[in-house]
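# Notes for the structure review
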Amino acid sequence: MAYDKFNTLKSSAVPLPIENVDTDQIIPARFLKATERKGFGDNLFRDWRYNGDGSEKKDFVLNNPTYSGKILVGGKNFGSGSSREHAAWAVYDYGFRCVVSSFFADIFRNNCLNIGVLPVQVSADFLDKIFKAIEANPEATFEVSLPEQTITIEGSGESESFDINAYKKANMLNGFDDIDYLLNIQEEIKEFAEDRPL
């Protein structure tokens, strides 16, 4: 398995109501030397989380113990900028399994889907309701159902659907990346190849 299977996630959320968060803010370029997916969570939003001396910036949300959970809620246009897949790795390695926004950059969205982070794109109206629910109660919980393709504010019961590519959805439900998918159907591939002349 490339990553944990994703079915239904119930969790509180961490609010980051900032628009146009680009991949260099998510993971600064100086931390891109590693080629494995491990260790990037320590540097997620590095320059927003820490001062130059390594001490925490108390006013940044990831350093605020009031907020926790496996869902990151961002502002519009999350993951813009360069195509670095390390940004998605950092989000996953930190512990987030879902990112919610009213708009994602396409490459960031696909990078998330490839490693088991579910990007949930909602309307601007519903995103505002999510932020308000967290503001009213930092422990507010949300249910993200991949099979149903819905996200629900559990306190109010308000829900909205989201879109996802059918192939990526199936892979996330099974915990497959693209290679795992091919390995899973290798017998079918062999049968197909045997029926075709060289």
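It should be emphasised that the depicted structure is a prediction, and the values quoted were computed from it without experimental measurement.

Attention shifts here to the overall build of the chain. Secondary structure assignment for the chain yields eight helices and eight strands. The buried share of the chain, reckoned over its 198 residues, is 45%. Put simply, of all contacts in the chain between residues at least 6 apart along the chain, 67% involve residues at least 24 apart. Summing over all exposed atoms, the chain offers an accessible surface of approximately 10,500 Å²; the carbon and sulfur share of this is 48%.

Below, the discussion takes up the pairing of strand E3 (residues 71-74). Side chains Ile71 and Val73 project from E3 onto one buried face, and the interleaved Leu72 and Gly74 project onto a second face that is buried too. One ladder, built from four bridges, connects strand E2 (residues 13-16) with E3; its direction is parallel. Opposite Val14, over in E3, you have Leu72 as the bridge partner. By the bridge criterion, three bridges tie E3 to strand E4 (residues 98-101) in an arrangement that is parallel. In the strand pairing of E4, Leu72 is matched with Val99.

Take the nonpolar core next. Judged by nonpolar contacts, the single largest core of 27 residues is most densely connected at Val100, Leu118 and Val144. For this core, the elements supplying multiple residues, two or more each, are E3, E4, strand E5 (118-121), helix H5 (124-136), strand E6 (142-145) and strand E7 (150-153). By residue number, the principal contributor to this core is H5, which donates six residues. If we skip the residues at most four places from it in the chain, Leu118 touches Phe6, Arg97, Cys98, Val99, Leu113, Val144, Leu146, Phe162, Ile164 and Met172. Core analysis: the second largest hydrophobic core is formed by 26 residues, Ile26, Leu72, Cys112 and Ile115 among them.

Among the secondary structure elements, Gln149 is positioned in the loop between E6 and E7. A relative accessible area of 19% places Gln149 in the buried class. Within the local environment of Gln149, its side chain forms a polar contact with the side chain of Lys169, the two groups lying 3.0 Å apart. In this structure, Gln149 is in contact with Glu160, Ser161, Phe162, Asp163, Ile164 and Lys169, ignoring residues within four places of it in sequence.

Calculation rules
Residues numbered from 1 in each chain as written. Predicted model: local features only at pLDDT ≥ 70, side-chain atom pairs only at ≥ 80, totals over all residues. Heavy atoms only, no water. Helix = DSSP H or I, 4+ residues; strand = E, 2+ residues; numbered from the N terminus. Buried < 20%, exposed > 50% of the residue type's maximum accessible area, 1.4 Å probe, protein only. Contact = heavy atoms within 4.5 Å. Areas by Shrake-Rupley, 256 points an atom, 1.4 Å probe, with all protein chains shown as cover. Pairing = 2+ DSSP bridges. Core = buried A, V, L, I, M, F, W, Y, C linked by side-chain atoms within 4.5 Å. Polar contact = N/O pair within 3.5 Å; in protein donor to acceptor, adjacent residues only side chain to side chain.

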